[in-house]
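What follows is the residue order along each chain.
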Amino acid sequence: QLGTRVPVTSQDEIGSLAHAINDLARDLQRLRESRNEFFANISHELKTPITYLEGYAKVISEELYESEEEKNAYLQIISSEAVRLNRLINDLFELSKMEEGRIELIPEAIDLIPLVESAVAKVERAAAQKGLELEFHTELRQAFVWGDGMRLEQIWINLLDNAIRYTQAGSIRVSIVPLQQQYEVCVQDTGIGIPEEELPYLFERMYRVEKSRSRDYGGTGLGLAIVSKLVELHQGRIDVQSEHGKGTVFSVKLAKHESD
Ligand code: ADP
């Protein structure tokens, strides 16, 4: 049993052996916990695309679209989600071989505008179903950063997924603005908000505001931990501002990549 500890009854060799065994048991326990966390994390990442695949496949098989164009857009989403799933499953195999859950990025120069637009497009139906306004705005013509497109897109899918889940009425606004060295992508909602005292813990794995809250809203407590890890892997920065009962803004800043 990894949880059990050898009682340390003396300060001699037997005592230090007992200490060493206890340290080893503690390390093994931590390893096991981080492995379990890792698998839980991956399951969450897999669930989101599967939901979209199911949803859009149903729309197509039941012919719930209004035009060929709309149908093609849904097929496009299905295809890119399938690609993402494939990538995730590959990562799962690759990563399970490693001792720690380290994600390898495949970075390239990538334009944030179509990337964020694609994330917005994927949650459009979910927002519409709740009667929420969903807007994307930028005055930029392009916004290149250096990063792994699919991973980056996951950031905004998760943030938008939360924004929709934790907003009962009103709007969700997504924007990209240029700063001096960075681009800032904001996801702003008019939802239930987050109490100020909870904000410092928000990005911890499995942290949930008001414990019962995310069960009611169907969350797992992993979305933001994944987001903050992905932002960290891209040397970015994530900030959150929120007013309880009024709404929340998540801001992600990524370094500009000069493409030419
Ligand atoms: P979950 O899957 O439970 O939503 P997350 O890691 O994505 O887990 O978020 C952690 C907690 O932060 C959530 O349980 C929720 O209470 C809170 N939260 C996240 N995003 C928002 C938001 N846009 N508005 C209000 N609360 C939020």
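Please read all numbers here as calculations on a predicted model, not as lab measurements.

## Let's talk about the overall build of the chain
Part 1: From N to C terminus, the chain includes six helices and seven strands.
Part 2: Reading the chain from its N end, one meets helices and strands in the order α-α-β-α-β-β-α-β-β-α-α-β-β.
Part 3: Within the span of the chain, comprising 260 residues, buried residues form 40% of the whole.
Part 4: Look at the contacts in the chain between residues 6 or more apart in sequence, and 69% of them connect residues 24 or more apart.

## What to know about the pattern of salt bridges
Part 1: Applying the stated rule across the entire model yields eleven salt bridges.
Part 2: Put simply, Lys122 and Glu153 hold a salt bridge, and the shortest N to O gap is 2.7 Å. Taken together, the residues span a long stretch of sequence, with Lys122 in helix α3 (residues 112–129) and Glu153 in helix α4 (residues 149–165) at a distance of 31 residues. This pair shows no difference in class: Lys122 is buried, exactly as Glu153 is.
Part 3: Salt bridges sharing partners connect three or more residues here, namely Asp23, Arg26 and Asp27.

## Some points on the pairing of strand β4 (residues 171–178)
Part 1: Strand direction decides the pairing type here: strand β2 (residues 133–138) and β4, joined by six bridges, are parallel. Residue Glu135 lies in a different strand from β4, and its bridge partner there is Arg173.
Part 2: Pairing geometry for β4 and strand β5 (residues 182–189), over seven bridges, is antiparallel. When the sheet's bridge partners are listed, Val177 is paired in β5 with Glu184.

## As for the side chain of Thr248
Part 1: Along the polypeptide, Thr248 turns up in strand β7 (residues 247–255).
Part 2: Side chain to side chain, Thr248 and Ser242 meet in a polar contact 2.9 Å long.
Part 3: Residues contacting Thr248, with those up to four places away along its chain left out, are Val187, Gln188, Asp189, Gly193, Ile194, Val240, Gln241 and Ser242.

## Observations concerning the pairing of β5
Part 1: The buried fraction of β5 amounts to six of the eight residues, a majority that puts the element mostly inside the structure.
Part 2: As consecutive antiparallel partners, β4 and β5 are separated by three residues.
Part 3: Pairing between β5 and β7: eight bridges, direction antiparallel. Note on β7: the bridge partner recorded for Gln182 is Ala255.

## Points about the confidence of the model for the chain
Part 1: Here the chain averages 84 in pLDDT, and 82% of its residues register 70 or above.
Part 2: Of the two predicted TM-score estimates for the complex, the pTM is 0.69 and the ipTM is 0.98.

## With respect to α4
In an α-helix, one turn spans 3.6 residues, which is why side chains three or four residues apart end up on the same side.
Part 1: When the terminal C-alpha atoms of α4 are compared, their 24 Å separation across 17 residues agrees well with the 24 Å that a helix rising 1.5 Å per residue should span.
Part 2: Within α4, 15 of the 17 residues are buried, which leaves the element mostly enclosed by the surrounding structure.

## What about the environment of His244?
Part 1: Turning to its location among the elements, His244 is positioned in the loop between β6 (237–243) and β7.
Part 2: Residue classification places His244 among the partly exposed positions, given a relative accessible area of 47%.
Part 3: In the structure, His244 is positioned 50 residues away from Ile194 in sequence and 5.0 Å away in space, judged by C-alpha atoms.
Part 4: For His244, the side chain forms a polar contact with the main-chain oxygen of Ile192, separated by 3.4 Å.

## Some details on unusual backbone geometry
Part 1: Within the chain, Glu63 stands out as a residue other than glycine whose phi angle is a positive 55°.
Part 2: Looking at the secondary structure, you find Glu63 in the loop between α1 (13–61) and α2 (68–96).
Part 3: Classification of Glu63 by relative accessible area gives exposed; the value is 59%.
Part 4: The phi torsion at Gln235 lies on the positive side, around 50°, for a residue other than glycine.
Part 5: Residue placement: Gln235 occurs in the loop between α6 (223–233) and β6.
Part 6: We classify Gln235 as exposed; its relative accessible area is 70%.

So, how was this worked out
Residues numbered from 1 in each chain as written. Predicted model: local features only at pLDDT ≥ 70, side-chain atom pairs only at ≥ 80, totals over all residues. Heavy atoms only, no water. Helix = DSSP H or I, 4+ residues; strand = E, 2+ residues; numbered from the N terminus. Buried < 20%, exposed > 50% of the residue type's maximum accessible area, 1.4 Å probe, protein only. Contact = heavy atoms within 4.5 Å. Salt bridge = Lys/Arg side-chain N within 4 Å of Asp/Glu carboxyl O. Pairing = 2+ DSSP bridges. Polar contact = N/O pair within 3.5 Å; in protein donor to acceptor, adjacent residues only side chain to side chain. pLDDT = per-residue confidence, 0-100. Expected span 1.5 Å × (residues − 1).

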